[in-house]
Each structure stands twice: as C-alpha cells, then as structure tokens.
Amino acid sequence: MTEHVLTLDLDGVADKAALMDRCADALGLPDWFGRNWDALADSLTDLSAPPGGERLQIVVRNWRPYAKARPAEWEIAEDVFSQAVDRVPALSVLLALGGSS
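Residues numbered from 1 in each chain as written. Predicted model: local features only at pLDDT ≥ 70, side-chain atom pairs only at ≥ 80, totals over all residues. Heavy atoms only, no water.

Undergrad: I tried to follow the pattern of salt bridges on my own but got confused; where do I start?
TA: A pair can form between side chains of opposite charge whenever their charged atoms are brought close. Within the structure shown, the criterion is met by 3 salt bridges. Close ionic contact of Arg35 with Asp21 constitutes a salt bridge, the shortest N to O distance being 2.7 Å. With a gap of 14 residues between them, Arg35 in the loop between helix H1 (16-27) and helix H2 (37-46) and Asp21 in helix H1 connect regions that are remote in the sequence. The salt bridge partner of Glu73 is Arg70, with a shortest N-O separation of 3.4 Å. (Salt bridge = Lys/Arg side-chain N within 4 Å of Asp/Glu carboxyl O. Helix = DSSP H or I, 4+ residues; strand = E, 2+ residues; numbered from the N terminus.)

Undergrad: It is not clear to me how the nonpolar core should be interpreted in this structure. Could you clarify?
TA: With 31 residues, the main nonpolar core has Leu40, Leu44, Ile58, Val60 and Trp74 as its most contacted residues. At the level of elements, strand E1 (3-9), H1, H2, strand E2 (55-61), helix H3 (64-69), helix H4 (71-87) and strand E3 (91-95) are the ones that each hand at least two residues to this core. Among all residues touching Leu40, those that are not within four sequence positions of it are Met20, Cys23, Leu29, Phe33 and Val80. (Core = buried A, V, L, I, M, F, W, Y, C linked by side-chain atoms within 4.5 Å. Buried < 20%, exposed > 50% of the residue type's maximum accessible area, 1.4 Å probe, protein only. Contact = heavy atoms within 4.5 Å.)

Undergrad: Can you walk me through unusual backbone geometry in this structure?
TA: The bulk of non-glycine residues show a negative phi, and the bulk of peptide bonds are trans. Backbone geometry places Arg35, a non-glycine residue, at a positive phi of 55°. Even without a glycine there, the phi angle at Asn62 is positive, about 55°. Tracing the backbone through its elements, the reader meets Asn62 in the loop between E2 and H3. For Asn62, a relative accessible area of 10% gives the class buried.

Undergrad: I'm lost on the packing of H1 against H2 in this one. Help?
TA: A pair of packed helices can be characterised by two numbers: the angle between their axes and the separation between those axes. Their axes nearest at 11 Å, the elements H1 and H2 cross at an angle of 20°. In terms of their interaxial angle, H1 and H2 are classed as roughly parallel. Crossing handedness for the pair H1 and H2: left-handed. Contacts between H1 and H2 involve Lys16, Leu19, Met20, Cys23 and Leu27 from the first element and Trp37, Leu40 and Leu44 from the second. Of the residues belonging to the contact of H1 with H2, the class tally is 7 nonpolar, no polar and 1 charged. (Axes fitted to C-alpha atoms, helices over the stretch in contact; angles between N-to-C directions. Parallel < 35°, antiparallel > 145°, perpendicular 65-115°, else oblique. Left-handed = near helix turned anticlockwise from the far one by under 90°. Nonpolar A, V, L, I, M, F, W, Y, C, P; charged D, E, K, R; others polar.)

Undergrad: Teacher, can you tell me more about the packing of aromatic side chains here?
TA: By convention here, two paired aromatic rings are described through the distance between centres and the angle between planes. Throughout the structure, instances matching the rule amount to 3 aromatic pairs. Ring plane angle 90° and centroid distance 6.0 Å describe the contact between Tyr66 and Trp74, whose orientation is recorded as edge-to-face. According to the relative accessible area criterion, Tyr66 is buried, its value standing at 0%. Ring centres 6.4 Å apart and planes at 65° place the aromatic pair Trp74 and Phe81 in the edge-to-face group. Taking relative accessible area as the criterion, Trp74 reaches 5% and is therefore assigned buried. Judged by relative accessible area, which is 4%, Phe81 ranks as buried. One aromatic cluster in this structure is built from Trp63, Tyr66, Trp74 and Phe81. (Phe/Tyr/Trp six-rings, centres within 6.5 Å; stacked < 30°, edge-to-face > 60°.)

Functional significance is not addressed by these values, which are geometric in nature.
Below you can see the structure in the form of structure tokens.
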C-alpha cells in the first residue's frame, strides 16, 4: 500500500486564524477554502492522495501548545479531523507526540 504523508506543523500557531492559514499552506487546500471549521471539514474530505498513492496521512506536529492555549478550539479541530477520517477511509490524521513543548 502506497501512502502519501503531509506534515501540518503547528509550531507558533496561537489562534484559529493562524491554524486555518497553516492548514491552507501545509495541506495545499483549494482557493475556495473559507478558513472556518466547516470549510476545513469540506476541504479535508476533498483531499486525495497523489496519483499512485492509495492513502493520505496528515501528521500534526507541535500541536500541544495550541491545544493548551486554546482548548475549546483544539477540541473542535480534533472533531473536524476525526469526522474527516470517518468519512474518508483512505485518510489518516496522526498527532505526533514529542517534539513539542
């Protein structure tokens, strides 16, 4: 099975706006991405592995500082990631442990 891996590094992300900008850049989200939770959910379910790839993995790094500073927002983000994975079996979102303060 061929997997394509994208890294979503949240180092320095301090609020929802920065999270949305980082998602847009790191994940190559489409121009129509509206930088809100619903648009993120829609965009994640539209992502696909590149030709020849069967699965797409998103590795979220350095997420703990954001989760600690904005727990309510992080809870929504986790829910959005979880729902996307439930809707797209070829998608995985992995939270990297370590490497974050």
